[in-house]
Amino acid sequence: MKLSVVIPAHNEEGCIEKTLRDLHAKLTTARIDHEIVVVNDNSKDGTVQRVETLRNEIPTIRLVHNNPPNGFGFAVRCGLETFEGDAVALFMADSSDSSEDLVKFFKVMEEKSVDCVFGSRFIKGGKTINYPPLKRVLNRLANKFIQVLFRLRYNDVTNAFKLYRRHTIAGLRPFMSHHFNLTVELPLKAIIRGYSYAVVPNQWTNREVGQSNLRIKEMGSRYLFIVLYCFIEKWLTQGDYHSRRHDILNKDVPRSYTRK
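What you see is a predicted model; the values in this text were computed from it and never measured. (Residues numbered from 1 in each chain as written. Predicted model: local features only at pLDDT ≥ 70, side-chain atom pairs only at ≥ 80, totals over all residues. Heavy atoms only, no water.)

Caption draft 1: Fine view of the side chain of Thr60. Its location among the elements puts Thr60 in the loop between helix H2 (47-55) and strand E3 (61-65). Within the local environment of Thr60, its side chain forms a polar contact with the side chain of His24, the two groups lying 3.3 Å apart. Dropping the residues within four chain positions of it, Thr60 is found in contact with His24, His34, Glu35 and Ile36. (Helix = DSSP H or I, 4+ residues; strand = E, 2+ residues; numbered from the N terminus. Polar contact = N/O pair within 3.5 Å; in protein donor to acceptor, adjacent residues only side chain to side chain. Contact = heavy atoms within 4.5 Å.)

Caption draft 2: Region of the structure containing the environment of Leu23. Structurally, Leu23 is set in helix H1 (residues 16-29). Leave out the neighbours within four places in its chain, and Leu23 touches Val5, Ile7, Ile36, Phe91, Ser99 and Leu102.

Caption draft 3: Looking closely at the side chain of Asp156. Following the sequence through the fold, Asp156 ends up in the loop between helix H5 (133-150) and strand E7 (162-165). You can call Asp156 buried: its relative accessible area is 0%. When near neighbours in sequence (up to four residues on either side) are disregarded, Asp156 contacts Gly119, Ser120, Arg121, Phe122, Asn139, Arg140, Asn143 and Lys162. (Buried < 20%, exposed > 50% of the residue type's maximum accessible area, 1.4 Å probe, protein only.)

Caption draft 4: Structural view of the nonpolar core. Counting residues in each nonpolar core, the largest one holds 40 residues, and the members touching the most others are Leu80, Phe118, Ile146, Phe150, Tyr164, Leu186 and Leu188. Contributions of two or more residues to this core are made by strand E2 (34-40), helix H3 (72-82), strand E4 (87-90), strand E5 (116-120), H5, helix H7 (182-192), strand E8 (197-201) and helix H8 (216-236). When residues in this core are grouped by element, the largest group, seven residues, is from H7. Apart from the residues within four sequence positions on either side, Phe118 is in contact with Phe105, Tyr154, Lys162, Tyr164, Pro187, Ala190, Ile191, Tyr197, Ala198, Val199 and Val200. Core analysis: the second largest hydrophobic core is formed by 33 residues, Ile7, Ala9, Ala89 and Val200 among them. (Core = buried A, V, L, I, M, F, W, Y, C linked by side-chain atoms within 4.5 Å.)

Structure (C-alpha coordinates):
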(Lines give C-alpha, C1' and ligand atoms only; values in the text may rest on other atoms or scores of the structure.)
Protein backbone atom coordinates (compact mmCIF):
# COMPACT_ATOMS: atom_id res chain seq x y z
CA MET A 1 0.00 0.00 0.00
CA LYS A 2 1.35 3.40 -1.00
CA LEU A 3 1.01 6.35 1.35
CA SER A 4 0.53 9.92 0.16
CA VAL A 5 1.23 12.78 2.56
CA VAL A 6 -0.42 16.08 1.67
CA ILE A 7 1.29 19.15 3.13
CA PRO A 8 -0.36 22.56 2.53
CA ALA A 9 2.33 25.24 2.63
CA HIS A 10 1.93 29.02 2.76
CA ASN A 11 5.10 30.98 3.55
CA GLU A 12 6.82 28.10 5.36
CA GLU A 13 10.44 28.62 4.25
CA GLY A 14 11.64 28.61 7.85
CA CYS A 15 10.44 25.07 8.61
CA ILE A 16 9.52 23.21 5.42
CA GLU A 17 12.97 21.71 4.85
CA LYS A 18 13.19 20.23 8.34
CA THR A 19 9.68 18.83 8.05
CA LEU A 20 10.31 17.19 4.68
CA ARG A 21 13.68 15.71 5.64
CA ASP A 22 12.34 14.24 8.86
CA LEU A 23 9.21 12.88 7.22
CA HIS A 24 11.13 11.23 4.39
CA ALA A 25 13.68 9.73 6.78
CA LYS A 26 11.05 8.19 9.07
CA LEU A 27 8.93 6.77 6.24
CA THR A 28 12.00 5.38 4.48
CA THR A 29 13.30 3.75 7.65
CA ALA A 30 9.86 2.16 8.17
CA ARG A 31 9.97 0.92 4.54
CA ILE A 32 6.72 2.62 3.65
CA ASP A 33 6.22 3.28 -0.05
CA HIS A 34 5.23 6.93 -0.17
CA GLU A 35 4.99 10.27 -1.87
CA ILE A 36 5.09 13.68 -0.19
CA VAL A 37 2.81 16.17 -1.93
CA VAL A 38 3.65 19.75 -1.00
CA VAL A 39 0.86 22.10 -2.03
CA ASN A 40 2.21 25.61 -2.46
CA ASP A 41 -0.57 27.97 -1.45
CA ASN A 42 0.53 31.29 -2.98
CA SER A 43 3.71 31.55 -0.91
CA LYS A 44 5.53 34.88 -1.17
CA ASP A 45 8.77 33.79 0.52
CA GLY A 46 11.32 31.12 -0.37
CA THR A 47 9.09 28.10 0.27
CA VAL A 48 8.93 27.02 -3.38
CA GLN A 49 12.67 27.39 -3.89
CA ARG A 50 13.44 25.26 -0.83
CA VAL A 51 11.07 22.52 -1.95
CA GLU A 52 12.42 22.60 -5.51
CA THR A 53 15.96 22.19 -4.18
CA LEU A 54 14.97 19.27 -1.97
CA ARG A 55 13.23 17.52 -4.87
CA ASN A 56 16.63 16.96 -6.46
CA GLU A 57 17.72 15.12 -3.33
CA ILE A 58 14.47 13.42 -2.26
CA PRO A 59 12.65 11.95 -5.28
CA THR A 60 9.45 11.16 -3.34
CA ILE A 61 8.68 14.89 -2.97
CA ARG A 62 6.17 16.31 -5.42
CA LEU A 63 5.33 20.01 -5.64
CA VAL A 64 1.94 21.21 -6.83
CA HIS A 65 0.56 24.72 -6.91
CA ASN A 66 -2.85 25.69 -5.61
CA ASN A 67 -4.34 28.14 -8.05
CA PRO A 68 -6.68 30.87 -6.72
CA PRO A 69 -8.81 30.93 -4.70
CA ASN A 70 -6.18 30.33 -2.05
CA GLY A 71 -6.47 29.34 1.59
CA PHE A 72 -5.84 26.28 3.76
CA GLY A 73 -9.00 24.41 2.77
CA PHE A 74 -8.48 24.99 -0.93
CA ALA A 75 -4.84 23.89 -0.63
CA VAL A 76 -5.83 20.64 1.08
CA ARG A 77 -8.54 20.05 -1.50
CA CYS A 78 -5.95 20.57 -4.24
CA GLY A 79 -3.76 17.91 -2.62
CA LEU A 80 -6.71 15.53 -2.29
CA GLU A 81 -7.38 15.93 -6.01
CA THR A 82 -3.81 15.10 -7.03
CA PHE A 83 -2.48 12.45 -4.61
CA GLU A 84 -1.59 9.07 -6.11
CA GLY A 85 -1.41 6.73 -3.10
CA ASP A 86 -3.78 4.14 -1.69
CA ALA A 87 -4.10 6.20 1.51
CA VAL A 88 -3.57 9.87 2.27
CA ALA A 89 -2.59 11.76 5.41
CA LEU A 90 -2.87 15.47 6.13
CA PHE A 91 0.37 16.75 7.65
CA MET A 92 1.32 20.25 8.74
CA ALA A 93 4.35 22.00 7.22
CA ASP A 94 5.44 23.42 10.58
CA SER A 95 6.29 20.00 12.09
CA SER A 96 3.51 20.30 14.65
CA ASP A 97 2.58 16.74 13.69
CA SER A 98 4.91 13.83 14.41
CA SER A 99 6.34 11.69 11.62
CA GLU A 100 6.68 8.83 14.13
CA ASP A 101 2.94 9.08 14.72
CA LEU A 102 2.30 8.92 10.98
CA VAL A 103 4.21 5.64 10.77
CA LYS A 104 2.08 4.38 13.67
CA PHE A 105 -1.14 5.52 11.95
CA PHE A 106 -0.17 3.71 8.75
CA LYS A 107 0.63 0.45 10.52
CA VAL A 108 -2.67 0.59 12.42
CA MET A 109 -4.56 1.10 9.16
CA GLU A 110 -2.88 -1.95 7.66
CA GLU A 111 -3.20 -4.16 10.74
CA LYS A 112 -6.80 -3.25 11.58
CA SER A 113 -8.01 -2.88 7.96
CA VAL A 114 -9.89 0.32 8.83
CA ASP A 115 -10.90 3.08 6.44
CA CYS A 116 -9.54 5.91 8.61
CA VAL A 117 -7.16 6.49 11.49
CA PHE A 118 -7.92 9.46 13.72
CA GLY A 119 -5.44 10.92 16.18
CA SER A 120 -6.31 12.25 19.60
CA ARG A 121 -4.07 14.47 21.66
CA PHE A 122 -6.32 14.17 24.69
CA ILE A 123 -6.40 10.46 25.50
CA LYS A 124 -3.87 8.31 27.34
CA GLY A 125 -0.61 8.46 25.39
CA GLY A 126 -1.54 11.71 23.63
CA LYS A 127 0.43 14.89 24.25
CA THR A 128 0.52 18.60 23.46
CA ILE A 129 3.64 20.74 23.76
CA ASN A 130 3.43 24.53 24.21
CA TYR A 131 -0.27 24.63 23.39
CA PRO A 132 -1.45 28.27 23.87
CA PRO A 133 -3.82 28.24 26.89
CA LEU A 134 -6.64 30.15 25.17
CA LYS A 135 -6.57 27.91 22.11
CA ARG A 136 -6.57 24.84 24.33
CA VAL A 137 -9.68 26.00 26.19
CA LEU A 138 -11.47 26.82 22.93
CA ASN A 139 -10.39 23.49 21.48
CA ARG A 140 -11.83 21.49 24.36
CA LEU A 141 -15.09 23.46 24.34
CA ALA A 142 -15.51 22.99 20.59
CA ASN A 143 -14.79 19.28 20.75
CA LYS A 144 -17.14 18.79 23.68
CA PHE A 145 -19.88 20.55 21.73
CA ILE A 146 -19.28 18.21 18.76
CA GLN A 147 -19.22 15.15 21.03
CA VAL A 148 -22.55 16.01 22.61
CA LEU A 149 -24.21 17.01 19.33
CA PHE A 150 -23.18 13.84 17.48
CA ARG A 151 -23.12 11.54 20.52
CA LEU A 152 -19.47 10.64 19.94
CA ARG A 153 -16.85 9.23 22.25
CA TYR A 154 -14.05 10.51 19.99
CA ASN A 155 -12.78 13.71 21.61
CA ASP A 156 -10.47 15.39 19.08
CA VAL A 157 -12.46 15.90 15.88
CA THR A 158 -10.75 19.25 15.23
CA ASN A 159 -7.34 17.56 15.10
CA ALA A 160 -6.23 17.93 11.47
CA PHE A 161 -3.78 15.01 11.62
CA LYS A 162 -5.70 12.05 10.19
CA LEU A 163 -5.24 9.23 7.68
CA TYR A 164 -7.82 8.13 5.08
CA ARG A 165 -7.96 5.43 2.43
CA ARG A 166 -8.41 6.58 -1.16
CA HIS A 167 -11.95 5.19 -1.45
CA THR A 168 -12.90 6.98 1.77
CA ILE A 169 -11.85 10.37 0.42
CA ALA A 170 -13.86 9.65 -2.74
CA GLY A 171 -16.88 8.85 -0.57
CA LEU A 172 -16.64 12.12 1.37
CA ARG A 173 -17.11 14.35 -1.65
CA PRO A 174 -18.35 16.94 -2.38
CA PHE A 175 -16.31 19.07 0.01
CA MET A 176 -17.99 22.17 1.38
CA SER A 177 -15.26 23.83 3.45
CA HIS A 178 -12.92 26.49 2.12
CA HIS A 179 -10.80 26.98 5.23
CA PHE A 180 -9.52 25.15 8.33
CA ASN A 181 -13.03 23.82 8.92
CA LEU A 182 -12.25 21.19 6.28
CA THR A 183 -10.40 19.33 9.03
CA VAL A 184 -13.74 18.95 10.83
CA GLU A 185 -15.80 18.19 7.73
CA LEU A 186 -13.69 15.18 6.72
CA PRO A 187 -13.90 13.12 9.94
CA LEU A 188 -17.53 13.99 10.67
CA LYS A 189 -18.57 12.90 7.19
CA ALA A 190 -16.50 9.72 7.52
CA ILE A 191 -18.29 8.85 10.78
CA ILE A 192 -21.75 9.81 9.50
CA ARG A 193 -21.28 7.87 6.25
CA GLY A 194 -20.31 4.71 8.06
CA TYR A 195 -16.57 4.34 7.39
CA SER A 196 -14.62 2.29 9.91
CA TYR A 197 -11.95 4.02 11.94
CA ALA A 198 -9.42 3.59 14.72
CA VAL A 199 -8.44 6.22 17.27
CA VAL A 200 -4.82 6.36 18.43
CA PRO A 201 -2.97 8.88 20.61
CA ASN A 202 -0.74 11.40 18.90
CA GLN A 203 1.56 14.26 19.82
CA TRP A 204 1.17 17.90 18.76
CA THR A 205 3.90 20.52 19.11
CA ASN A 206 3.34 24.25 18.68
CA ARG A 207 5.36 25.72 15.83
CA GLU A 208 8.76 27.19 16.63
CA VAL A 209 9.18 29.15 13.40
CA GLY A 210 6.77 31.47 11.60
CA GLN A 211 3.15 32.25 12.43
CA SER A 212 0.03 30.12 12.36
CA ASN A 213 -2.38 30.88 9.53
CA LEU A 214 -5.38 29.99 11.72
CA ARG A 215 -7.35 33.03 12.89
CA ILE A 216 -9.73 32.06 15.69
CA LYS A 217 -12.08 35.06 15.34
CA GLU A 218 -12.49 34.43 11.62
CA MET A 219 -13.05 30.68 11.96
CA GLY A 220 -15.74 30.42 14.64
CA SER A 221 -18.72 30.84 12.32
CA ARG A 222 -17.13 28.65 9.65
CA TYR A 223 -16.59 25.78 12.06
CA LEU A 224 -20.16 26.14 13.30
CA PHE A 225 -21.48 26.12 9.74
CA ILE A 226 -19.78 22.85 8.82
CA VAL A 227 -20.71 21.18 12.11
CA LEU A 228 -24.38 22.07 11.61
CA TYR A 229 -24.18 21.03 7.94
CA CYS A 230 -22.90 17.58 8.95
CA PHE A 231 -25.49 17.37 11.72
CA ILE A 232 -28.30 18.03 9.24
CA GLU A 233 -26.87 15.40 6.89
CA LYS A 234 -26.78 12.90 9.74
CA TRP A 235 -30.45 13.29 10.58
CA LEU A 236 -31.80 13.67 7.04
CA THR A 237 -29.97 10.59 5.74
CA GLN A 238 -30.89 8.10 8.45
CA GLY A 239 -30.57 4.60 7.05
CA ASP A 240 -28.82 5.75 3.86
CA TYR A 241 -25.32 4.89 5.11
CA HIS A 242 -24.38 1.55 6.57
CA SER A 243 -21.33 0.98 8.71
CA ARG A 244 -19.32 -2.24 8.46
CA ARG A 245 -17.60 -1.74 11.79
CA HIS A 246 -15.99 1.00 13.87
CA ASP A 247 -12.82 -0.13 15.56
CA ILE A 248 -11.58 1.99 18.42
CA LEU A 249 -7.98 1.02 19.03
CA ASN A 250 -7.32 2.79 22.31
CA LYS A 251 -8.89 1.01 25.29
CA ASP A 252 -9.66 4.33 26.97
CA VAL A 253 -11.96 5.36 24.11
CA PRO A 254 -15.28 3.46 24.15
CA ARG A 255 -17.04 2.47 20.92
CA SER A 256 -18.40 5.49 19.09
CA TYR A 257 -22.08 6.07 18.47
CA THR A 258 -22.29 5.80 14.71
CA ARG A 259 -25.03 4.78 12.32
CA LYS A 260 -25.17 1.09 11.38
